[in-house]
Amino acid sequence: RVLVLAGAGALAITMPITLVIVAVLAIVVTSYQQTVRAYPSGGGSYIVASHNLGPLPGLTAAAALVTDYFLTVSVSIAAGIAALTSIFPVLFEHRVVLGVVFVAVLCLGNLRGIRESGSIFAAPTYIYLIAIFGLLGYGLFRFVTGSLPAFSAPAGLGQAQGIEALGLLLILRAFASGSVALTGVEAVSNGVPAFKPPESKNARVVLIAM
């Protein structure tokens, strides 16, 4: 979506950017696998950086995490509200109120503690997974039975003219947008005590599954 600003031809570099994001994710997950093993009582970036590198790196990691948490909530809520209002257009004019309500629900849920909030937010996660895999399964069924409708490209996509040059800034913006895939990795290492015994092993399994 970001690359299309430079024209349909720019979409060719989607896969290279994706591979870079996957490589970064692999590095982060490998690092957190070691963190979970070394800090079975829970150790996020702040604790690990403070213990191993000192107060300044620890505070730098903490500042980055606070920024990340704000952005995670704001982007997730905004995306959720956008999806909701696309299904129910009548809610569009109430999107700000709905956003505030969902942030309040997240806040109240997290105040219940790590284990309880995990149980509360598990339901929407499972619904999401069922919906995604259900959609993929239905699409595969239509493909196998030969009933899949022919793809028709939106008007003008092939002739899309870029409104922005494909420069380093746009590529980095696309990379940053794709890097939201890393969201949630920190939460696992912070919440190791919430897992069933053996906590450390189960947390590492969840990290790989994510």
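Here, the structure is the one placed above.
Residues numbered from 1 in each chain as written. Predicted model: local features only at pLDDT ≥ 70, side-chain atom pairs only at ≥ 80, totals over all residues. Heavy atoms only, no water.

Secondary structure assignment for the protein yields eight helices and zero strands. The principal-axis extent of the C-alpha atoms belonging to the protein is close to 55 × 40 × 40 Å. Taken across its 210 residues, the protein has 19% of its residues classed as buried. Relative to all contacts within the protein whose residues are 6 or more apart in sequence, the contacts with residues 24 or more apart total 58%. (Helix = DSSP H or I, 4+ residues; strand = E, 2+ residues; numbered from the N terminus. Buried < 20%, exposed > 50% of the residue type's maximum accessible area, 1.4 Å probe, protein only. Contact = heavy atoms within 4.5 Å.)

Take the nonpolar core next. Looking at soluble globular proteins, one finds that nonpolar side chains tend to be buried together. In this structure, Val-29, Tyr-32, Val-36, Val-185, Val-188, Val-192, Phe-195, Ala-203 and Leu-207 together form the largest nonpolar core, which totals nine residues. Broken down by element, this core gets its largest block of residues, three residues, from helix 1 (residues 14–38). For Ala-203, the contacting residues outside a window of four places in its chain are Val-36, Val-188, Val-192 and Phe-195. Grouped together as the second largest cluster of nonpolar side chains are seven residues, Leu-3, Ala-10, Ile-21 and Ala-174 included. (Core = buried A, V, L, I, M, F, W, Y, C linked by side-chain atoms within 4.5 Å.)

Let us look at the packing of aromatic side chains. Going through the model one piece at a time under the given rule, you end up with zero aromatic pairs. The ring of Phe-92 is capped by Arg-95, whose NZ or CZ atom sits 4.0 Å from the centre of that ring. (Phe/Tyr/Trp six-rings, centres within 6.5 Å; stacked < 30°, edge-to-face > 60°. Lys NZ or Arg CZ within 6 Å of the ring centre and 35° of its normal.)

Put simply, helix 1 and helix 8 (residues 199–209) touch, their axes get as near as 9 Å, and they point 170° apart. Considering the angle they form, helix 1 stands roughly antiparallel to helix 8. The segment helix 1 lies against helix 8, with Val-29, Tyr-32, Gln-33, Val-36 and Arg-37 engaging Ser-200, Ala-203, Arg-204, Leu-207 and Ile-208. (Axes fitted to C-alpha atoms, helices over the stretch in contact; angles between N-to-C directions. Parallel < 35°, antiparallel > 145°, perpendicular 65-115°, else oblique.)

Within the fold, Thr-85 resides in helix 3 (residues 55–87). In this structure the side chain of Thr-85 is engaged in a polar contact, spanning 3.1 Å, whose partner is the backbone oxygen of Ala-82. Setting aside anything within four residues of it in sequence, one finds Thr-85 in contact with Leu-91, Phe-92 and Arg-95. (Polar contact = N/O pair within 3.5 Å; in protein donor to acceptor, adjacent residues only side chain to side chain.)

Once that is clear, we can look at a nonpolar patch on the surface. Nonpolar side chains collect at one region of the surface, where Tyr-126, Tyr-128, Leu-129, Ile-130, Ile-132, Phe-133 and Leu-136 lie side by side and expose about 780 Å² of accessible area between them. If you trace the backbone, Phe-133 turns up in helix 5 (residues 114–144). Judged by relative accessible area, which is 57%, Phe-133 ranks as exposed. (Patch = residues over 30% accessible without salt bridge, like charges linked within 9 Å, V, L, I, M, F, W, Y side chains within 5 Å. Areas by Shrake-Rupley, 256 points an atom, 1.4 Å probe, with all protein chains shown as cover. Salt bridge = Lys/Arg side-chain N within 4 Å of Asp/Glu carboxyl O.)

Now for unusual backbone geometry. Residues other than glycine predominantly adopt negative phi, and peptide bonds predominantly adopt the trans conformation. Across the junction of Pro-197 and Pro-198, the peptide omega takes the value -10°, indicating a cis bond. Here Pro-198 is to be found in the loop between helix 7 (185–190) and helix 8.

Let's shift gears to the environment of Ala-174. Residue position: Ala-174 is located in helix 6 (residues 168–178). In the structure, Ala-174 is positioned 118 residues away from Leu-56 in sequence and 30 Å away in space, judged by C-alpha atoms. Residues in contact with Ala-174, not counting those within four places in the same chain, are Val-2, Leu-3 and Ile-17.

Now for helix 1. With 25 residues, helix 1 should reach 36 Å at 1.5 Å per residue; the first-to-last C-alpha distance of 36 Å fits that figure. Ile-17, Ile-21, Val-29, Tyr-32, Gln-33, Thr-35 and Val-36 are the residues of helix 1 that are buried. In the core, the buried residues of helix 1 are packed alongside helix 2 (45–53), helix 6, helix 7 and helix 8. (Expected span 1.5 Å × (residues − 1).)

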